[in-house]
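Notes for the structure review
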Amino acid sequence: MDAEWGSYAQRVATALRRRRRDVGLSQEAVAYRAGLTRYTYQKYEKGESRPGSPINPSLRSLLAIAQVLEVELGALLPGDVPDLRSR
C-alpha cells in the first residue's frame, strides 16, 4: 500500500504543478495566497513531505490551494484512489 500511496502522491504533485503553470503563478504566489510557506508548497509539488515520505497535506491546505488555483478540489485529485482501508 505504501507504494500505491507514493504513486498517488506523485500524481497529485503533477496535478498541482500543471495547474499552477496553467494559471501563470509562481510557487511563492500560490503558497502565500494559500497561507502556506513556500517550502511547504514546494514539497507538495515534489510529492513529498520530507525525503522518502509522500505528501499528506491537510484538507484545509488542499482546499486553499484549489481556491488559489481557481479549480475544484477534485480536479487536483486523480480518480484512481488507492485502497487505504486497513487489511
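Residues numbered from 1 in each chain as written. Predicted model: local features only at pLDDT ≥ 70, side-chain atom pairs only at ≥ 80, totals over all residues. Heavy atoms only, no water.

**Topic: the overall build of the protein chain**
Secondary structure assignment for the protein chain yields four helices and two strands. By the compact-globule yardstick of 12 Å for 87 residues, the protein chain fits well, its C-alpha radius of gyration being 13 Å. The C-alpha extent of the protein chain, read off along each of the three principal axes, is 40 × 25 × 20 Å. Burial statistics for the protein chain: of 87 residues in total, 38% are counted as buried. Summarising the internal contacts of the protein chain: among those between residues at least 6 apart in sequence, 62% fall at separations of at least 24. (Helix = DSSP H or I, 4+ residues; strand = E, 2+ residues; numbered from the N terminus. Rg over C-alpha atoms; globule rule 2.2 N^0.38 Å. Buried < 20%, exposed > 50% of the residue type's maximum accessible area, 1.4 Å probe, protein only. Contact = heavy atoms within 4.5 Å.)

**Points about the side chain of Arg20**
For Arg20, the location among the structural elements is in helix H1 (residues 2-23). Sequence-distant contacts of Arg20, defined by excluding residues within four places in its chain, comprise Leu25, Ser26, Gln27, Val30, Tyr41, Glu45 and Leu69.

**Re the side chain of Ser61**
Summarising the element assignment, Ser61 is placed in helix H4 (residues 59-68). With a relative accessible area of 7%, Ser61 lands in the buried category. Leaving out residues up to four positions away in the same chain, Ser61 has contacts with Leu36 and Tyr44.

**Some remarks on the nonpolar core**
The tendency in soluble globular proteins is for nonpolar side chains to be buried side by side. The biggest cluster of nonpolar side chains holds 21 residues, and the ones touching the most others in it are Leu16, Val30, Leu36, Tyr41, Tyr44, Ile65 and Leu69. Of all the elements, H4 adds the most residues to this core, at five residues. For Leu36, the residues in contact, after removing those within four places along its chain, are Ala31, Tyr41, Tyr44, Ser61 and Ile65. (Core = buried A, V, L, I, M, F, W, Y, C linked by side-chain atoms within 4.5 Å.)

**Considering the environment of Ser53**
Relative to the elements of secondary structure, Ser53 occurs in strand S2 (residues 53-54). Ser53 sits in the buried class, given a relative accessible area of 19%. When the C-alpha atoms of Ser53 and Thr14 are compared, they prove to be 16 Å apart, with 39 residues separating the residues in sequence. Look past the residues within four positions of Ser53 in its chain and what remains in contact with it is Gly47 and Glu48.

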